[in-house]
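Descriptive analysis of the structure
Each chain, written out:
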Amino acid sequence: MRLPCPHCGSRPADEFTCYGAADPVRPAAGAPAQVWHDYVHIRPNPYGLHNELWQHVHGCRRWLVMTRDTRTHAVLGARDGGSRGGGAA
Amino acid sequence: MSGVRAAMNYSGLALLREALRGHSGWGPAWRDAAPRTEYDALIVGGGGHGLATAYYLAKEHGLTNVAVLERTHIGSGNAGRNTTLIRSNYLLPGNERFFEKSMQLWEGLEQDLNYNAMVSQRGVLNLYSDDGQRDACVRRGNTMRLHGVDAELLDLAQVKAMYPYFDYRNERFPIRGGLLQRRGGTARHDAVVWGFARAADRRGVDIVQNCEVTGFRIEGGEVRGVETTRGPIFARKVGLCCAGSSSRVGELAGLRLPIESHVLQAFVTEAVKPMFDGVVTFSGGTFYISQSDKGGLVFGGILDGYNSYAQRGNLRVVEDVMEAGMAMMPLLGRLRVLRQWGGVMDMTMDGSPIIDLTPIRGLYLNAGWCTTGFKAIPASGWCFAHTMARDEPHFINSAYRLDRFAVGAVLDESGHGAHPNRH
C-alpha cells in the first residue's frame with residue numbers, strides 16, 4: 001500500500017499514521033453538551049468516500065487530508081491539512 | 001417443511017442408524033424459508049448474534065413467530081472471519097459479568113442446541129514481559145476472581161512447562177509469566193452458526209436468506225416493519241445485528257451511531273500435527289495464536305487502523321503480526337501461511353458493545369462488537385432477546401447502553417478514549 005503525500009510524492013503506507021475522520025468541526029468551547037457529544041462520539045462511517053486526517057510521521061511530518069474509498073482503499077486525493085482550517089482535529 | 005422441523009435429534013444412536021443405511025436419512029439442518037408478510041419480531045442479520053437472538057427469543061421468551069433476514073447466506077460475515085476464541089478475562093464489571101455469562105452459556109451450549117459446536121476449554125494464557133504488565137495481569141486476575149471467574153497467575157517456570165518452544169531469550173520482550181484462564185479456549189465458528197440456526201428453526205423461526213433490508217417503515221416514531229429485496233415485511237419489533245454494516249443499516253432508520261468500521265486481519269498456516277494445545281497472547285505487541293482441530297495455526301494481531309468495508313487488509317499489518325509471532329515463537333518461521341482474511345469490525349468509541357433500545361420504539365440495536373464478537377455470541381443473543389422481549393436491558397447488558405457516551409458512562413477497557421482504531 002502506498003499513499004500520496006502532496007510534499008513527498010507516493011510513499012509507503014508504513015510512513016503514515018491515520019487519525020480518523022477529517023470532516024467533524026470542533027465546536028466552540030461553550031457549545032452545548034449534545035453538540036460536543038456529536039463531535040467526539042458520532043461518526044458518519046461512510047460506505048464509500050471518506051475524508052480523513054493522516055500524518056506523514058516518518059516523512060515531512062505534515063498533517064494531510066486524504067479522500068479515500070472505504071470500499072476499495074483507493075486514495076482519490078490528498079492535500080495539506082493546513083488549508084483545512086477550523087482548529088485542532 | 002414441518003418434516004424438517006421434526007428432524008431427528010443428533011445422537012450416537014442416530015449416527016449408528018444412519019451409518020447402517022448409507023446416511024440417507026439426514027434431512028437439511030434448517031429450512032431455507034421464504035419470507036411471510038408479517039412476524040412478531042424480525043432480526044436483521046444472519047450471523048452468530050442474529051441467529052442466537054432468534055433462538056433465545058423462542059426458547060426464553062416464547063416468541064416463535066420470528067424471522068432472521070440475511071442479505072446473503074447465514075454466517076457469511078464475521079461469523080466466518082474470526083479466530084474462534086472464547087474467554088471471560090475482562091477487567092471492568094460491566095464487561096466481566098457479560099462475558100462470564102457468555103462463557104457459562106458456551107459450557108452448556110452443545111447439549112442445549114443438540115449440536116457439536118466443538119467447544120474446547122483449552123486455556124487462554126496472556127503473557128507478560130515486565131512489572132507493569134504483571135501488575136495489570138494481577139489486577140485483572142483479581143477482578144475476575146471477585147466475579148467468581150477462574151484466573152491463575154503463572155510464573156516463568158510454569159509457562160515454560162506449558163510451552164517449552166517459546167523464545168525465552170528475547171531481550172526486548174522477555175517472557176516472565178502470564179495470566180491463565182483455564183476455562184477459556186476455542187469453538188468451531190461454522191458449527192456455532194449452524195447449531196443456532198438449526199435450534200432456532202426447530203423452534204419455528206424462519207431463516208430467510210438472500211433478503212436484504214433496504215429500508216424501514218416507521219410511523220409516529222414506532223417501527224412497523226422493513227422493506228426488503230423480497231418485499232415488505234411487517235413487524236412491531238425489529239432487532240439489528242449487522243456488525244460491520246451497523247452504520248449503513250442504522251442510517252436507513254435515521255440512526256447516527258458511535259461506530260466506525262475497521263478491518264481486522266487473521267491468518268492460518270498449513271496444517272501440522274498437534275503441537276499447540278492452548279491459546280496464547282504475546283506481551284510484546286498484539287499477537288495471539290491457537291491451533292485449529294484441522295492442524296493449522298490460527299493467529300492475528302491489531303486493526304489496520306483506517307476505516308474500511310473492504311474485508312481485506314494491507315501488508316503493513318501482515319508484517320507486523322508475523323514479526324510479533326516470530327518474536328514469541330520462532331518455529332512459526334518454518335510454517336507457510338495458507339490463508340489470510342479480513343473482517344469488518346464495528347468499532348465503538350470506548351471499545352465495548354451496545355445492546356439496547358433505540359430512540360425509535362420497537363427498533364433495537366445489537367452492535368459495536370469491536371474485535372470481540374465471536375466469544376460474545378451466546379450472551380449477546382441471550383441479552384438481546386431479553387431486551388427485545390421485555391423492552392428493557394437485562395442487568396447483564398445494562399452497561400451496554402447506547403446513550404452511555406452522551407452521559408459519560410463509557411466502558412473503556414483499554415483506556416484509549418474515542419479513537420476506535422486504538423481499541
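The rules behind these values
Residues numbered from 1 in each chain as written. Chains lettered and ligands numbered in written order. Predicted model: local features only at pLDDT ≥ 70, side-chain atom pairs only at ≥ 80, totals over all residues. Heavy atoms only, no water. Domains from an automatic or database assignment. Contact = heavy atoms within 4.5 Å. Buried area = accessible area lost by both parts, 1.4 Å probe. Salt bridge = Lys/Arg side-chain N within 4 Å of Asp/Glu carboxyl O. Polar contact = N/O pair within 3.5 Å; in protein donor to acceptor, adjacent residues only side chain to side chain. Helix = DSSP H or I, 4+ residues; strand = E, 2+ residues; numbered from the N terminus. Buried < 20%, exposed > 50% of the residue type's maximum accessible area, 1.4 Å probe, protein only. Pairing = 2+ DSSP bridges.

This part takes up the domain arrangement of chain B. All names here are of chain B. As far as domains go, chain B holds domain 1 (30–84 + 189–258 + 350–422), domain 2 (124–182) and domain 3 (259–348). Taking the mean C-alpha position of each, domain 1 and domain 3 sit 27 Å from one another. Listed per partner, the contact involves 24 residues of domain 1 and 20 residues of domain 3. Taken together, the two surfaces of domain 1 and domain 3 that pack against each other cover about 1900 Å², and 53% of this comes from carbon and sulfur. Viewed at the interface, domain 3 and domain 1 are joined by zero salt bridges. Inspection of the domain 1/domain 3 interface yields 13 residue pairs in polar contact (both at pLDDT 80 or more). Within the residue set of the side of domain 1 that touches domain 3, elements represented by two or more residues are α8 (246–252) and α11 (404–407). Looking at which element gives the most residues to the side of domain 1 that touches domain 3, the answer is α8, with three residues.

All names here are of chain A. Counting buried positions over the seven residues of strand β4 (residues 49–55) gives five, a clear majority of the element. Alignment of strand β3 (residues 17–21) against β4, held across four bridges, turns out to be antiparallel. Of the residues in β4, the one forming a bridge with Gly20 is Leu53. Bridge count for β4 against strand β5 (residues 63–69) is seven bridges, and the pairing is antiparallel. Note on β5: the bridge partner recorded for His50 is Arg68.

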